[in-house]
Amino acid sequence: MPSSLYSPPLKSLTPELLIQLKERSEKFLFEIISTNWKSQFCQTADEFSIFRHAVEMLHDDEQGFLRNFRKSVPLTLYDTYEPFVARFFNEPCQESEVIDLFAPGFPVFLAVSSGTSGSAPKYFAKYRGITYRAPGMQSQSVYTYRLTCKILNVFRGDQDIVRRITVSGVSGGLLRLQNGWNVEQDEDRMSSKVLTETAPYAVAMVLPTPSFLLLHALYALADRTVDTLKVMYCTTLLDMFMYMDRDWFTLIDAIDTGTIPELENIEHVRDQLQRHLHANPVRAAELRAIGPPSNTAGWAKYVWPNLKIALSAGSGPFSSAVPKVKHLLGLDVTLQSPRFASSECFIGVTYHTGDINRFRIILEDGFVEYLDVASEEVADKLCAAWEAEPGRHYELVLTTCHGFWRYRSGDIVELLGFAPDDGSPVMRFVRRRNVEIRLDTASVTEAQLVQSICSTTQDTIGQVTEFTCFKDIRKLPYTIGFFVELTQEPGMLSTTSRHLAKQRVADALSSMNDHIRWDYDRGAMGIPTIRVVKPGTFMEYRKWRFEAAAIGTCQVKVPVVMSDPIAQDWMTNRVELEI
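Criteria and cut-off values
- Residues numbered from 1 in each chain as written.
- Predicted model: local features only at pLDDT ≥ 70, side-chain atom pairs only at ≥ 80, totals over all residues.
- Heavy atoms only, no water.
- Helix = DSSP H or I, 4+ residues; strand = E, 2+ residues; numbered from the N terminus.
- Rg over C-alpha atoms; globule rule 2.2 N^0.38 Å.
- Buried < 20%, exposed > 50% of the residue type's maximum accessible area, 1.4 Å probe, protein only.
- Contact = heavy atoms within 4.5 Å.
- Areas by Shrake-Rupley, 256 points an atom, 1.4 Å probe, with all protein chains shown as cover.
- Lys, Arg positive; Asp, Glu negative; His and termini not counted.
- Charge placed at Lys NZ, Arg CZ, Asp CG, Glu CD.
- Pairing = 2+ DSSP bridges.
- Expected span 1.5 Å × (residues − 1).
- Salt bridge = Lys/Arg side-chain N within 4 Å of Asp/Glu carboxyl O.

## Some details on the overall build of the chain
Right, on to step 1. Within the chain, the secondary structure is distributed over 20 helices and 23 strands.
Right, on to step 2. For a compact globule of 579 residues, the expected C-alpha radius of gyration is about 25 Å, and the chain comes in at 26 Å, within 12% of that figure.
Right, on to step 3. Principal axes of the C-alpha set define a box for the chain whose edges measure 75 × 65 × 60 Å.
Right, on to step 4. Burial statistics for the chain: of 579 residues in total, 54% are counted as buried.
Right, on to step 5. Here the contacts in the chain between residues at least 6 apart in sequence split such that 67% fall between residues at least 24 apart.
Right, on to step 6. A total accessible area of about 25,300 Å² is found for the chain, and carbon and sulfur atoms account for 51% of it.
Right, on to step 7. Of the charged side chains in the chain, 60 are positive and 70 negative, and the gap between their average positions amounts to 3 Å.

## Describing the environment of aspartate 507
Right, on to step 1. Relative to the assigned elements, aspartate 507 resides in helix 17 (residues 495–512).
Right, on to step 2. Here the alpha-carbon distance between aspartate 507 and proline 528, two residues 21 residues apart in the chain, equals 10.0 Å.

## Overview of helix 4 (residues 62–72)
Right, on to step 1. Within helix 4, burial applies to Gly64, Phe65, Leu66, Asn68, Phe69 and Ser72.
Right, on to step 2. Buried residues along helix 4 sit against helix 1 (15–36), helix 3 (49–55), strand 13 (366–372) and strand 15 (393–400).

## A short note on the pairing of strand 22 (residues 529–533)
Right, on to step 1. Counting buried positions along strand 22 yields five of five residues, so the element is predominantly enclosed.
Right, on to step 2. Residues Thr529, Arg531 and Val533 point to one face of strand 22 and Ile530 and Val532 to the other, with burial holding for every one of them.
Right, on to step 3. Across four bridges, strand 21 (residues 479–486) lies against strand 22 in parallel orientation. Within strand 22, the position partnered with valine 484 by the bridge is valine 532.
Right, on to step 4. Judged from the three bridges that link them, strand 22 and strand 23 (residues 575–578) form a sheet pairing that is antiparallel. Considered in strand 23, the bridge of valine 532 is made with leucine 577.

## What to know about helix 1
Right, on to step 1. For helix 1, which comprises 22 residues, the first-to-last C-alpha distance of 32 Å matches the rise-based estimate of 32 Å (1.5 Å per residue) to within 8%.
Right, on to step 2. Where helix 1 is buried, its residues contact helix 2 (40–44), helix 4, strand 13, strand 15 and strand 17 (425–432).

## Digging into the pattern of salt bridges
Right, on to step 1. Enumeration over the complete set of coordinates arrives at 27 salt bridges.
Right, on to step 2. We note a salt bridge from arginine 270 to glutamate 262, for which the minimum N-O separation is 3.4 Å.
Right, on to step 3. The salt bridge involving arginine 360 is made with aspartate 422; its shortest N-O contact spans 3.1 Å. Note that arginine 360 is positioned in strand 12 (residues 359–361) and aspartate 422 in the loop between strand 16 (407–418) and strand 17, a separation of 62 residues in sequence. For the pair formed by arginine 360 and aspartate 422, the shared burial category is buried.
Right, on to step 4. Ionic contacts of the salt-bridge type, sharing partners, join the residues Arg24, Arg360, Asp421 and Asp422 into one network.

## Examining the pairing of strand 13
Right, on to step 1. Counting buried positions over the seven residues of strand 13 gives seven, a clear majority of the element.
Right, on to step 2. The two faces of strand 13 match: Gly366, Val368, Tyr370 and Asp372 on one face and Phe367, Glu369 and Leu371 on the other face are all buried.
Right, on to step 3. Sheet topology places strand 13 next to strand 15; seven bridges connect them, and they run antiparallel. Looking at strand 15, one finds that glycine 366 is bridged to threonine 400.
Right, on to step 4. Bridge count for strand 13 against strand 14 (residues 382–383) is two bridges, and the pairing is antiparallel. The residue bridging tyrosine 370 from the neighbouring strand is cysteine 383, located in strand 14.

As structure tokens, then:
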């Protein structure tokens, strides 16, 4: 690994690095646009009429393509692509409608988004894999990934199937591509196990989140030689530790006897799972002596003496879990965010192992431009990497190898500087635009939160005068929690109306956001919690914040989402009733 990876980023580019970065970036952008401009999307979308007419006679004129790209290609959102993506879901899906749709040929798979702010899932056609691999080779890892998918058949005419395209999460789709795991051979692989992973292939086919994580926990605990934890998000890693804690004795008994426990919806793979679990009384006794995770500092190192690293995203919405995860891992285990990526595009890799929110942007899957959050939201305000200023906040705008053009990612980052070896931008994630609370696969907007509590409680618990909400992680599965102040006394509420209020909020969120509905239906999200605070609490909150911050009362606002744990504790101390 280059030594510059551990050097502080430069605050400005040297003339030599600026030339290198510009030449490298423009060459990569030209490769993308010269390949994809003849796609069905680019040739027919109204937004691209000026661009396509400007470049149709340019052939291999790199500077001409780049000049017209900057001048004529507008900012785009998913709505621009959605009517074209919908063609994949026509019945029957015709070859002529989807070949060369966003890029040459057929996509190798469709990636379904993990959920941002929309009420419906987003799908992204993936035409190629990525060549980047995380550095280092581990001997035995806990690797949590899902390979569940569905198949879309592409027809030529009425009968001939010319292509089968899988629809899955982006990580599962990329794993299939990288390892040559065809869906048609899933049954044959179901009983197999990758030698460097603790869990058999069959676990990747388990859908309910509790069962999925408990099975990974079971095989992980059974293997003393684990040296690496590879869990996509820190919040998920913490979930797995909490499930271990909750079902500790069940898991240890299963290791002792070599019997897969009774878990939800695993009967279709139970036999394959059982083949890879063998009675191990010695290991069970060792684990009993150690005890469950609970609050034991460095617990993971006692369970897995060889554990060196946990690869798990810990920036942005996943950062809330980092302190607890680090506590359980201990000082001798490194926690590292391996990459910065989204369903749309692979964007960057870890810049410094000591910082889980510092990434080097690489030219691998897409070209990145920068939209200053303080500027007007138009294409004319975009700047290239060599024009961006360290210390400023930008929204990343992506032109991808998969046929998206100047696509607004919604990711807000701070540019920290430039890598000393090649000038690549180095950044940290700051926030998502307009996204407030993230659960398992769902992100819930401020508007959805406001509507869910204000439109459903009038005839159950009464008028809500003020509220704030938070991610409630007091017990599994996690959910959305509300602190509310009511116009009526909480003691007047009947038991029936109390339960109905929570269910109404759950139903409202599910109706507005498909990802919430999916999480709720498969047990990855609990029913929302509602806690009634004393009358006058929100007024006192503003007073408290005013005294603490010494700013005018009119500037103190109660946030829709209360992420500050101190403020949450302050509210908790004023709760009169939990619904």
